[in-house]
Amino acid sequence: MEILVCVKRVPDTAENEFELNSSGNDLDRDDLVYSVNEWDNYAVEEAIQIVDKVGGSVTVITVGDDESEEVLRREMAMGANHGILLTDDAFEGSDGKGIATILKAEVEKGSYDLILSGAQADEGAGQVGGMLAAMLDMPYASLVNKIEPGDGKIVVGREIEGGNQEMNEMDLPCVLSIQTGINEPRYVGIRGIRKVASVEIPEKSASDLGIDAASVGSEGALTKRVDYFVPDLGDGAEMLEGSTDEIIEKLIEKLKAKGGL
Amino acid sequence: MTSIVGPASFKFFGIFPAAILSFILPIIGIGLFTYIMARRIAPLVRANPDSRFDQIGKRIVNLAFIWLGQVRQPRYMLAGVLHIVIFAGFLVLSIRSTSLVVIGFSDGFVLPGFGGLFGDVYNFLKDYAATGVLVSCIIAAIRRGIFKPKRYAVPEKLGKDHTAEAVFVLGIISTLMISESLFEASEIAYAFQLTGQEYFLAPLSLVWIFKGMLSSVPQNILQGLHIFMYYVHDLAFFFFLCFLPMGKHFHVITSVFNVFFSRVEKGNIKPVMYGVSDEGLDDLDSFGVKTLEDFTWKHMLDFYSCADCGRCSDQCPANAVGRPLSPRFITIKARDLMFKNYPMSGEIYKSGLIVEDIYTEDEIWSCTTCGACEEECPLAIEYIDKIVDLRRGMVDEGMVPQSLQKPLKALEKRGNPYGKMEKKRADWWAKDKEFKARLDIKDLGKKTADTLYFVDSITSYDDNIQEIARKTSIILDHAGVDFGILGKLEKDSGNEVIRFGEEMLWQDLRDQNTDAILETGVKQIVTADPHAYNALKNDYKGLPGVKHISQVVAEKIKNGDLELKPCQSPDEVYVYHDPCYLGRHNGVYEDPRAALDAIDGLTRVELEKSRDRSFCCGGGGLMLFYEPEEETRMGVLRVNMAAEAGATVIVTACPFCLVNIQDAIKVTGKEGEMEVLDFTELIEQHLV
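Small disclaimer: the values here were computed from a predicted structure and weren't measured. (Residues numbered from 1 in each chain as written. Chains lettered and ligands numbered in written order. Predicted model: local features only at pLDDT ≥ 70, side-chain atom pairs only at ≥ 80, totals over all residues.)

1. Digging into the overall build of chain A
- Counting secondary structure elements, chain A contains eight helices and eleven strands.
- In terms of overall dimensions, chain A has C-alpha extents of about 65 × 50 × 40 Å along its principal axes.
- Relative to its full complement of 261 residues, chain A shows a buried share of 38%.
- Considering only contacts within chain A whose residues lie at least 6 apart along the sequence, 71% involve residues at least 24 apart. (Helix = DSSP H or I, 4+ residues; strand = E, 2+ residues; numbered from the N terminus. Buried ≥ 20, exposed ≤ 12 C-beta atoms within 10 Å, placed from the backbone. Contact = placed C-beta atoms within 7 Å.)

See below:
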C-alpha cells in the first residue's frame, strides 16, 4: 500500500513558554523550539505499521520553509521511506484551503492508496484533511483511532463523543485524519536522524506543482487572522485549603449551596 | 602380604589390572570435559569484544579479596561461612584429588614437594578440609532442602526450582569427601591390623573417625573397600567435573576468571562498542544488545558464573517494590537461553530479539541503576552495563515508553528534561529578589572564578528543589569559595541519559558541557547533585576535579574554615540516607556523616541498610518520568525503614532523594512526624 502522510512543523507546546510578539498578532517566535505536530507523528507511526503488515511504502510531505525539512527527516528516521518538501515564497500565509490546494497538486502527481493527516495541529484549525479529501473527491474519515487495511478497501474506527466507537468500511484511495492514541509512536533518537541526514528530499515550488501563485498564500487566503491574544484569567477557580477531611467538608458545603447535591 | 594393594597394582578377579581402568577413566573424563567446555565457549567467541586485560594490578587485588578472600560471603552470614568452608576445602582438596587420579596407575604417587614435612602438614590439613566440607554440605543441604530460605524461590513463570540441583550437588561433594576419607582410612586400618603401627591422624577428622570404625573389620573387606572407594571417588570426581558446566555450579570453574575480569572502575558506563571511537559510532549498523550475541564475552561469562544465590535480587529495590525486574533472572534467563541456543550437540540456533524473547521492556526500564546488586554479588557479576546495553538496543529500535520520550525530546531541544527555556536556568537566583540582593552569583559565561558550581537540571528548574541551589551557594560563599555558575550554558549532566541508553544525545550534552566548562578555566567543580557528580567525575573526560558539596563541607570543617552552630532542633533524631550515586558508586560515605556529627548536640542514628547497602529511594533523572508497574514505591519502603530506626528527620544529599522521600512521607501519611532535609539545608541552618 502506498501511503502519503501530511505533516506539519509546529512550536512544541511541551518545550516552550508562549508569549505574544510586540505587534500582538502572533507568538514571539524568536526563542521557540519546533517539532513535528503530535497528531501527525501518530499518523506516520500508523502508516509505518500498516506497511510493515501489508507492504508498500510511506511518503511524508509538508508545506513549509527550509526548516521544515527537519520534521521530514525525523519522520524518515522513524521509518518513512520518502520525503517531499513543498516550499515556495508564494505559499507563505496560506490558510487551510491554501495548504489543501498545494497538497492536492502533489497528491495528483503520485498514486497513493491512502492519505493520512493528523486530526489537527497544535496551532491549526483541523481543516486540511477534510478539504484535501473534498478537493480530491475521495472518501474521508476524521478522528480515526483504528485502521484495518484490506484489499481495495479499508475498515476505520472513529472515536465518537462519549467514548463510543464507530467502525466504517471505505474504498481506497481515501483520506483519513488520525487521532492521537491510535498507537504508541516509536522513539526517534539523534542517531536515527543522523542516519537519514544525507537522504535527498525533493523540494517542489508552485511552478513545479503547476499552481497559480495567486490561489495560495496570503493572497489566495479566504480567511485572515485579525487578532491573537491570551484570554484574561477568569476568577472561576478556588483552592480549598485544610486537611483532607476539612477540604471534603468544604466541598460538600459548596456543592450543596450551588444545588449540586 | 605386607600392606593393602592400591588401585595401581590391584587386579579385578585376579586377572584384569585395575590400573587400566584408572588410566581410561581420566582420559574419558578429561576428553568429555574438554568437549563440553569447547561447546560452552562457542557463544563467547561470537560475542562482542570487551576490554578486560588492562589494570592487571587492580584485577589481582579483586582476585585476592573477592575470589580467594571471599570477602563478600559473610554479608549473608550462615550461607557465607558455609561457602567459605566449602571453597577453602575445595582449594585444599584439589591437590589431593589430582594426586589421587595418578595413584590409580602409579602406586604411592606423591606430587613433587609433597614428600616430607610439607606433605605431612598438607595431609593433616586436607583431612580437616574434607571434614569441614562434609559438615558444611550437610548443614547446607538441610538449609536448602528443609528450611528453604525465601530468596531461592523461583516464580512459576520463570522456570523450575533449583533446589534439586543444589541438593544433588551437595550429595556429590559429600560422596567425594566420604570416599576419599574411606579410601585412606581403609589403608591405615589395614596397616594397623598388620603391623600394629599407629599413624598420626588429625583428631576428629573424617579419616580419624572412619579409621576407628574400621579397626576391627576383616582385611579382605578393607581391601575391597579401599579399591571400591577409589573408583567411587574417581567416578564422582569426573562426573562432577563434567556436570559443573551444565548449570549453576559452573561457577566452580568460571569464578576465578569472572572475578579477575570483573570491573575495576566504579560509576562509569561501558562504551557502546569496545574498540570503536565516538566518531566511528555512526558507522555501526546496530547499537546495544538486541540479540544474545550482542552481549560482550565477559557479560556472557557473568551469565555462566551466576551461582543463583539470590543476593542481588534480595537487595534490589525494584524487586522489593514488585517491579517486573529481578537481577538474578536477568542472568538466569540469559544463561538458559545460552544453553538452549548453544546445545551440547547439533546445530547452534539463531537468536531472536532478546527483549521480546526472554526479557520484557518494562523489566529493563525498571532498573534505577542503584548498583545494590553489583555491590552484593560474591562473583562480581555486573548488571548496570548490561541494562544500559539492553536499553541502547531498545532506543535504537525505537522501543521507548511514551513517558520517557517527552523528557528525552526536551533534553535534545532544550538541554533539560522539563523543556524549560535555557535562559531561565539561573532563575533560582535571578528571579528570587531577596536572595539576589543577598548574594551575587557570577555567570562564568562572562566572569571568571576558581570553582564552578554545577547546578544541573532538577536543581535549576524544580521550584521545590531550587532551594538546594540557594543553600549550596550560601555555604560555598560562607566557606570562602570563589565560585560561579554556567547559567544558560549549562546543559543536563546526562547521567541518566547515558544510563537510559540514549548514547548520541548523551554525547551531545557531554560535549556541550565539556566545552562550556573548559572555556571557563575553573580549577575545580562542585555540585550538590550526586548524579551530576557521578557523570562529571566518571563519565566525562578531561575536566577539572569534581567534588560533592558534602566533601567540601567536611573538608572546610576539618581545616577550620567552616564553623557550625549547636543543633537547632536537639529533640529531633536524624538519620542519613546514602544516595546511590554518592555512596555506592563513588564511595562517599563518611564526609556527609562527619559534617552532621560536627553539629554539636545532633542525635544521629543509622539505618540498618546504609552505606554500601543503602536502599534506593526510587531513582533520579529520567527515572522520575518513568511510570513503572509496581506495588509500592521504593521511597515508601525507605521511609518505613527510617521510622523503624527511630528517626524523625531523614537527611539526604541528593535532590532526587529529596523529591522521592518527600513524596513517600506524604504517601505513608507520616507528615508531621517525619521530615526530610537536604544536606545543604541542614548545614545552612547551622552556619555560624
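2. Considering the overall build of chain B
- Looking only at helices and strands, chain B has 29 helices and eleven strands in total.
- Its C-alpha atoms put chain B at 105 × 60 × 45 Å along the principal axes.
- For chain B, buried positions account for 47% of its 688 residues.
- Within chain B, contacts between residues separated by at least 24 positions form 78% of all contacts whose residues are at least 6 apart in sequence.

3. Considerations on the packing of helix H1 (residues 18–46) of chain B against helix H9 (residues 297–305) of chain B
Residues and elements named next belong to chain B.
- Between H1 and H9, the shortest axis-to-axis distance is 8 Å and the interhelical angle comes to 145°. Considering only the axes of H1 and H9, their crossing is right-handed. Between H1 and H9, the residues in contact are Arg 40, Pro 43 and Leu 44 and Trp 297, Met 300, Leu 301 and Tyr 304, respectively.
- Tallied by class, the residues present in the contact of H1 with H9 amount to six nonpolar, no polar and one charged. (Axes fitted to C-alpha atoms, helices over the stretch in contact; angles between N-to-C directions. Left-handed = near helix turned anticlockwise from the far one by under 90°. Nonpolar A, V, L, I, M, F, W, Y, C, P; charged D, E, K, R; others polar.)

4. Regarding helix H23 (residues 503–520) of chain B
- Taking 1.5 Å of rise per residue, the 18 residues of H23(B) would be expected to cover 26 Å, and the 26 Å separating its terminal C-alpha atoms lies within 8% of that figure.
- Buried within H23(B) are the following residues: B:Glu503, B:Met504, B:Leu505, B:Trp506, B:Leu509, B:Arg510, B:Asn513, B:Ile517 and B:Thr520. (Expected span 1.5 Å × (residues − 1).)

5. Overview of the interface of chain A and chain B
- Across the contact, 15 residues belong to chain A and 20 residues belong to chain B.
- Looking at the side of chain A that touches chain B, the element that brings in the most residues is helix H5 (residues 190–195) of chain A, giving three residues.
- Classifying every residue of the side of chain A that touches chain B by side-chain character gives five nonpolar, two polar and eight charged.

6. Overview of the sheet that holds strand S5 (residues 483–485) of chain B
Residues and elements named next belong to chain B.
- Sheet architecture is open: five strands sit in the order S3-S5-S4-S6-S7, paired in parallel fashion. Edge positions in the open sheet fall to strand S3 (442–443) and strand S7 (545–548), since each of these has one partner strand only.
- Of the strands in this sheet, strand S4 (451–454), strand S6 (524–527) and S7 are in contact with helix H24 (residues 530–539), which crosses S7 at around 160°. (Pairing = 2+ DSSP bridges.)

7. Some remarks on the packing of helix H5 (residues 163–195) of chain B against helix H6 (residues 206–214) of chain B
All names here are of chain B.
- Packing of H5 against H6 brings their axes to within 8 Å, and their N-to-C directions diverge by 50°. Compared by their axis directions, H5 and H6 come out oblique. Both H5 and H6 take part in a crossing whose hand is right-handed. Side by side, H5 and H6 meet where Met 177, Ser 181, Leu 182, Glu 184, Ala 185, Ser 186, Ile 188 and Ala 189 of the first sit next to Leu 206, Val 207, Phe 210, Lys 211 and Leu 214 of the second.
- Residues of the contact of H5 with H6, tallied by class, amount to nine nonpolar, two polar and two charged. (Parallel < 35°, antiparallel > 145°, perpendicular 65-115°, else oblique.)

8. Some words on the domain arrangement of chain B
All names here are of chain B.
- Under the domain assignment, chain B is made up of domain 1 (17–45 + 55–246), domain 2 (284–396), domain 3 (413–558) and domain 4 (573–685).
- Spacing between the C-alpha centres of domain 1 and domain 2 amounts to 32 Å.
- Contacts between the two partners involve 17 residues from domain 1 and, on the opposite side, 19 residues from domain 2.
- In terms of residue count, H1 provides more of the side of domain 1 that touches domain 2 than any other element does, six residues in total.
- Taken together, the residues that form the side of domain 1 that touches domain 2 break down as eight nonpolar, four polar and five charged. (Domains from an automatic or database assignment.)

9. Topic: the sheet that holds strand S11 (residues 675–678) of chain B
Residue and element names in this part refer to chain B.
- Taking strand neighbours across the sheet as the criterion, the four strands line up as S9-S8-S10-S11 in an open arrangement whose pairing is parallel. At either end of the open sheet lies a strand with only one pairing partner, and these are strand S9 (603–605) and S11. Ignoring which end each strand starts from, the neighbouring axes of this sheet average 35° apart.
- Looking at chain direction, strand S8 (residues 573–576) and strand S10 (residues 649–652) are connected through three bridges and run parallel. Note on S10: the bridge partner recorded for Tyr 574 is Val 649.
- On the sheet, helix H28 (residues 655–667) packs against S10 and S11 and is oriented at approximately 170° with respect to S11.

10. Remarks on the environment of B:Phe239
Residues and elements named next belong to chain B.
- Following the sequence through the fold, Phe 239 ends up in helix H7 (residues 219–243).
- Since 15 C-beta atoms lie within 10 Å of it, Phe 239 is described here as partly exposed.
- For the pair Phe 239 and Cys 312, spaced 73 residues apart in sequence, the C-alpha to C-alpha distance is 30 Å.

11. Section: unusual backbone geometry
- Geometrically, the link from A:Leu172 to A:Pro173 is a cis peptide bond, its omega value of -5° lying close to zero.
- One can find A:Pro173 in the loop between strand S9 (164–171) and strand S10 (174–178).
- For B:Ala380, which is not glycine, the phi dihedral falls at a positive 60°.
- Topologically, B:Ala380 is positioned in the loop between helix H15 (372–376) and helix H16 (384–396).
- Judged by the 22 C-beta atoms lying within 10 Å of it, B:Ala380 is buried.

12. Let's talk about helix H8 (residues 244–257) of chain A
Residues and elements named next belong to chain A.
- For H8, which comprises 14 residues, the first-to-last C-alpha distance of 20 Å matches the rise-based estimate of 20 Å (1.5 Å per residue) to within 8%.
- Sparse coverage of H8 is indicated by the burial of zero of its 14 residues.
- Within two residues after H8, Gly 259 carries a phi angle of roughly 80°, on the positive side.

13. Here's the deal with the nonpolar core
- In terms of nonpolar packing, the biggest core is built from 195 residues, with A:Ile3, A:Val5 and A:Ala47 touching the most fellow members.
- A total of eight residues in this core trace back to one element, the largest contributor, which is helix H1 (residues 38–54) of chain A.
- Setting aside anything within four residues of it in sequence, one finds A:Val5 in contact with A:Asp40, A:Ala43, A:Val44, A:Ala47, A:Val58, A:Val60, A:Ala80 and A:Leu116.
- Among the nonpolar cores identified, the runner-up in size contains 35 residues, and B:Ala140, B:Leu176, B:Leu214 and B:Tyr230 belong to it. (Core = buried A, V, L, I, M, F, W, Y, C linked by C-beta atoms within 7 Å.)

14. Describing the pairing of S10(A)
All names here are of chain A.
- Judged by how many residues are buried, S10 sits mostly within the fold: five of five residues are covered.
- Alternating positions in S10 separate into two faces, Cys 174, Leu 176 and Ile 178 on one and Val 175 and Ser 177 on the other, with burial throughout.
- Here strand S6 (residues 114–118) pairs with S10 via five bridges, running parallel. When the bridges of S10 are listed, Leu 116 appears paired with Leu 176.
- By the bridge criterion, three bridges tie strand S7 (residues 140–149) to S10 in an arrangement that is parallel. Bridge pairing in S10 links Ala 141 to Leu 176.

15. Quick look at the environment of B:Ala430
Residues and elements named next belong to chain B.
- Looking at the element boundaries, Ala 430 is found in helix H18 (residues 427–430).
- Among the residues examined, Ala 430 registers 15 C-beta atoms within 10 Å and is labelled partly exposed.
- The spatial distance from the C-alpha of Ala 430 to the C-alpha of Gly 224 is 93 Å, given a sequence separation of 206 residues.

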